[in-house]
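Coordinate analysis (summary)
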Amino acid sequence: MASIVETTIRTVVTKGVETVAGINRKRQRRDRQHAFLSGLHTPVSEERTITDLTVTGTIPADLSGRYVRIGPNPFKPDPRGHHWFVGDGMVHGVYLKGGKAEWYRNRYIRSSKLEAQGGPAAAPGPRLSADFDTVNTNVIGHGGKTWALVEAGSFPVELSHDLESVAYTDLEGTLRVPFTAHPHEDPQTGELHAITYNGTTHDKVWYVRVSPEGSVTREVAIPVEHGPSIHESSLTARYVLIFDLPVTFSMSAVIGGATFPYRWNPDHKARVGLLPREGGADEIIWCEVDPLYVFHVSNSYDAEDGTVVVDLCAYETMFEPAGSGGVDGPVGKPLGLERWVIDPAARAVSRKTIDATPQEFPRPDERFFGQPYRYAWSMGLATDDPANFIGHAPIFAFDLHTGERTVRDFGPAKVPGEFVFVPQSADAPEGHGWLMGYVIDGASGTTDLVILDAQDIAGEPVATVHIPCRIPPGFHGNWIAD
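For clarity, every value in this text was computed on a predicted model and none was experimentally measured. (Residues numbered from 1 in each chain as written. Predicted model: local features only at pLDDT ≥ 70, side-chain atom pairs only at ≥ 80, totals over all residues. Heavy atoms only, no water.)

It is worth spelling out the overall build of the protein chain at this point. Within the protein chain one finds 4 helices and 33 strands. At 21 Å, the protein chain has a C-alpha radius of gyration in line with the 23 Å of a compact globule built from 482 residues. Projected onto the principal axes, the alpha-carbon positions of the protein chain cover approximately 65 × 55 × 45 Å. Residue pairs in contact within the protein chain that sit at least 24 positions apart in sequence constitute 61% of those at least 6 positions apart. (Helix = DSSP H or I, 4+ residues; strand = E, 2+ residues; numbered from the N terminus. Rg over C-alpha atoms; globule rule 2.2 N^0.38 Å. Contact = heavy atoms within 4.5 Å.)

Listed below in structure tokens is the structure:
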């Protein structure tokens, strides 16, 4: 249980606390090599537009749109107190049309923080907080618009087709609380569903529903304790899933100079909540689960027996304060891809390992999100260098009906990021289409956008777009069709 002193401090984070944090941050070594500011993670300093892209293979003519991914790219990197999750946002995109790669672009998200550091002028639009508008975690298309997203305190940022920051948006005044990096679209309704939280509010989180046109139609406050970091949610036909797990706000981390104020908290009860789609907070079915942490879900659905099935990547712990773990990046023990069966009648969760290989960023065919499904794809983690999280590793394809796993290794010094599925057509069978993502060549300092046959990821690439620069490892992206 949090100490009385820490609980009291949490109620009002004073300027005095920030002053102490700043002093302690400055006491840290500025010359130390930071795992997420060096090597593959070294920030890029130039915004580029490249139109003469070389392609190997044949880009399918049906692919008309942008593959866009975002990640942290500190404008003025400083290792003191730095965490991978807090760097200035930068989007990287490739535009495909008519069987050609029209362009590659990278652009900063124009935050007020970036402008204050001497960067480009801030984008207009409302801010939820004057102290936090860094957006660096996901990019989605919704309602004909492109949004860059982050969790814990900022509104989305609308981007132009060319990836310029148009404006911060509160969805025409309907969004009154923070948004999330991971809303999930219900393909049956076109609505977005999200569990959101605020870094400065520790006794509640929110369920937010957004219409297909892009306005908030439902908001539910959900009581919690300790200020949990809820990175992900999920969805079934009946429920919205809430992952209230033991990574919580840490005042001691703030005072110590950390810029990412969340740590493993063994005193926080781990539980999963089933919120009925139209229900209130008092109707949530809370089910205890073993202490662990989850960043990302593959999919979830209602089973015929009344249980809820959810597939996800789990960790035994995350952001432990001992030593350097949890200071620079997501250091924890990965447990691989798991299937949880949640019994709302018994309020119990059973866990089964699908694949114990360290992996992350699981993705399904999004047309089947919230429904029974068969196929999933994920990215392997750098087991030879766990402090860096991302490194040389394969990607995986899973047939969850047969149990078959297919592995694709891109070769020595090749580092893939998250790969996303793109269907061949709106009515194509599940899993029939392409898988695409960035692969860094650590030896040459270049990057490829690789397009694979999703049913044969180990085969020859369908096409490879060669980008003559390094795209640092990032977080999430999507295919945003024209």
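Further remarks concern the packing of aromatic side chains. The tally for this structure, following the rule as stated, stands at 23 aromatic pairs. Centre to centre, the rings of Trp-84 and Phe-85 are 6.1 Å apart; their planes meet at 45°, and the pair counts as tilted. Between Trp-377 and Phe-421, the ring centres sit 5.0 Å apart and the planes meet at 5°, which makes this aromatic pair stacked. Here Phe-421 lies in strand S29 (residues 420–423) and Trp-377 lies in strand S25 (residues 375–380), a separation of 44 residues in the sequence. Classification of Phe-421 by relative accessible area gives buried; the value is 8%. Cluster of aromatic residues (ring-pair linked, three or more members): Phe-36, Trp-84, Phe-85, Tyr-197, Phe-249, Phe-260, Tyr-262, Tyr-293, Phe-295, Tyr-315, Phe-319 and Phe-475. In this structure, Arg-271 packs its charged tip against the face of Trp-286, placed 3.5 Å from the ring centre. (Phe/Tyr/Trp six-rings, centres within 6.5 Å; stacked < 30°, edge-to-face > 60°. Buried < 20%, exposed > 50% of the residue type's maximum accessible area, 1.4 Å probe, protein only. Lys NZ or Arg CZ within 6 Å of the ring centre and 35° of its normal.)

Turning to its location among the elements, Val-341 is positioned in strand S22 (residues 334–343). Here Val-341 falls in the partly exposed class, since its relative accessible area comes to 27%. Separated by 138 residues in the primary sequence, Val-341 and Asp-203 have C-alpha atoms spaced 28 Å apart. Every residue in contact with Val-341, bar those within four places of it in the chain, is listed here: Thr-307, Val-308, Val-309, Ala-348, Val-349 and Ser-350.

Here Arg-351 is to be found in strand S23 (residues 348–355). On the basis of relative accessibility, which here comes to 32%, the residue Arg-351 falls in the partly exposed class. Residues Arg-351 and Asp-290 lie 61 residues apart in sequence; the distance between their C-alpha atoms is 9.2 Å. Ignoring anything within four residues of it in the chain, the contact list for Arg-351 reads Val-289, Asp-290, Leu-292, Leu-335, Glu-338, Arg-339 and Trp-340. Of note is the side chain of Arg-351, whose polar atom sits 2.8 Å from the side chain of Asp-290. For Arg-351, the side chain forms a polar contact with the side chain of Glu-338, separated by 2.7 Å. (Polar contact = N/O pair within 3.5 Å; in protein donor to acceptor, adjacent residues only side chain to side chain.)

Spatially, the 4 strands line up as an open sheet ordered S24-S25-S26-S27, and their pairing is antiparallel. Each having just a single partner strand, strand S24 (359–364) and strand S27 (404–408) make up the two edges of the open sheet. Strand-to-strand twist of the sheet, defined as the mean angle between neighbouring strand axes without regard to direction, takes the value 20°. (Pairing = 2+ DSSP bridges. Axes fitted to C-alpha atoms, helices over the stretch in contact; angles between N-to-C directions.)

Turning to the nonpolar core, a few remarks are in order. For soluble globular proteins, the rule of thumb is that nonpolar side chains tend to be buried together. In terms of nonpolar packing, the biggest core is built from 62 residues, with Ile-222, Phe-243, Trp-340 and Ile-342 touching the most fellow members. With sequence-adjacent residues up to four places away left out, Ile-222 is seen in contact with Ile-195, Asp-203, Lys-204, Val-205, Trp-206, Tyr-207, Ile-242, Ala-281, Ile-284 and Trp-286. Ile-50, Val-94, Tyr-104 and Ile-467 belong to the second largest nonpolar core, which has 22 residues in total. (Core = buried A, V, L, I, M, F, W, Y, C linked by side-chain atoms within 4.5 Å.)

Bringing the side chain of Asp-311 into the picture now. Its location among the elements puts Asp-311 in strand S21 (residues 308–315). Separated by 2.7 Å, the side chains of Asp-311 and Arg-339 make a polar contact. There is a polar contact of 2.6 Å between the side chain of Asp-311 and the side chain of Tyr-373. Not counting residues up to four positions away in its chain, the partners in contact with Asp-311 are Val-297, Ser-298, Asn-299, Glu-338, Arg-339, Ile-354, Tyr-373 and Leu-400.

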